[in-house]
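# Report on the structure
Now for the letters of each chain:
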Amino acid sequence: MSEIFNQNNKNFEINEDKCTKILKCLCLDESEILKEGSYCAQCLLQLNAPTIELTNEALEVLQSMFEFIKNDIKSAFEKDPAAKTITEVLTSYPGIKAVLLYRVAHFLWLVKIPFIPRYLSEVIRELTNIEIHPGAKIGKNFFIDHGSGVVIGETAEIGDNVTIYQGVTLGGTSLAKTKRHPTVGNNVVIGAGAKLLGPIKIGNNVKIGANSVVTHDVPDNSIVVGIPGRVISRSKEQIPSIDLQHADLPDPINNILQKLELRIKNLEEKWINESNSLTMQFFAEGSGI
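The structure contained in this document is the topic of the report that follows. (Residues numbered from 1 in each chain as written. Predicted model: local features only at pLDDT ≥ 70, side-chain atom pairs only at ≥ 80, totals over all residues. Heavy atoms only, no water.)

Okay, the side chain of Thr155 next. Tracing the backbone shows Thr155 in the loop between strand S6 (151–152) and strand S7 (157–158). Of the residues examined, Thr155 reaches a relative accessible area of 17% and is grouped as buried. Of the polar contacts made by the side chain of Thr155, one reaches the backbone nitrogen of Arg180; its length is 3.0 Å. When near neighbours in sequence (up to four residues on either side) are disregarded, Thr155 contacts Thr178, Lys179, Arg180, His181 and Pro182. (Helix = DSSP H or I, 4+ residues; strand = E, 2+ residues; numbered from the N terminus. Buried < 20%, exposed > 50% of the residue type's maximum accessible area, 1.4 Å probe, protein only. Polar contact = N/O pair within 3.5 Å; in protein donor to acceptor, adjacent residues only side chain to side chain. Contact = heavy atoms within 4.5 Å.)

Reading across from one edge, S3-S6-S9-S12-S15 is the order of the 5 strands in this open sheet, with parallel pairing throughout. In this open sheet, the two edge strands, each paired with only one partner strand, are strand S3 (131–132) and strand S15 (213–214). Relative to strand S9 (residues 169–171), S6 is paired through 2 bridges, and the arrangement is parallel. The partner of Val151 across the bridge, within S9, is Thr169. (Pairing = 2+ DSSP bridges.)

Further remarks concern the sheet that holds strand S13 (residues 201–202). Here 4 strands make up an open sheet; going across it, the order is S4-S7-S10-S13 and the pairing parallel. Only two strands of the sheet have a single neighbouring strand rather than two, namely strand S4 (137–138) and S13.

In this section: helix H5 (residues 94–110). Its 17 residues give H5 an end-to-end C-alpha distance of 24 Å, which sits within 8% of 24 Å, the value for a rise of 1.5 Å per residue. Taken together, the buried positions of H5 are Gly95, Ile96, Ala98, Val99, Leu100, Tyr102, Arg103, Ala105, His106, Phe107, Leu108 and Leu110. Just past H5, the residue Lys112 takes up positive phi, approximately 60°. (Expected span 1.5 Å × (residues − 1).)

Across the junction of Ile227 and Pro228, the peptide omega takes the value -10°, indicating a cis bond. Along the chain, the position of Pro228 falls in the loop between strand S16 (222–225) and strand S17 (230–233). Here Asn187, not a glycine, exhibits a phi torsion of approximately 60°, which is positive. Position of Asn187 relative to the elements: it lies in the loop between strand S10 (183–184) and strand S11 (188–190).

Below, the structure is given as structure tokens:
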């Protein structure tokens, strides 16, 4: 069965037997695609691609893409003392490769190119074991150290100068097609294995300890540790712009136990003193056995 379509005042016959369902037909608009339910390889060969109108967000991303890529590479040298040369960073750092390909995929996602952005994210995952959805928004100076097992969801938003380590998940907790992934502020360090779940907000200047599970908002200038994550304020002390001391974190459970131990010791000493005082008073009054 064949049908006649008119494109740019030109009729061409499309045979359904020669159509493929791998790529979206570029000579049909979305309503016709849904109606016809076919994907035409012939149109791809004739390069009848529709005109793409760039949104302001897409233009901004395109204009800043090379600056972002330069900053991403620079951050590898600033945040990893093992980095030696640009060639080594570009070829041997999975986090850098993942972020660079993500920048391209994200731009294609914004201009609504079908299939290719998600395929690029799949290529990234196969090459680096890092999964970044092309719909995620990531700021400049972003660095993934080691990177194995990192997952960043579709509606996740990450600010500037953020460093994350292997095994980190920015995951969703809802099936609704709304904002369902975390928003991370600027100047944040997320330790290895940490899980940030749901549409929570992580403030600026925050450090999240390894293997923490964070399910609630985190204020600025805080440290988060534990399962579930517990917030420990730093009294407005700002973390340095490059802070790799993600193992130098307080232990709130240990702190509580130490306070309880000190309190018990004080109570025991008080009881002993009062007991001795009563004994002395008893014998001073001439009482005895």
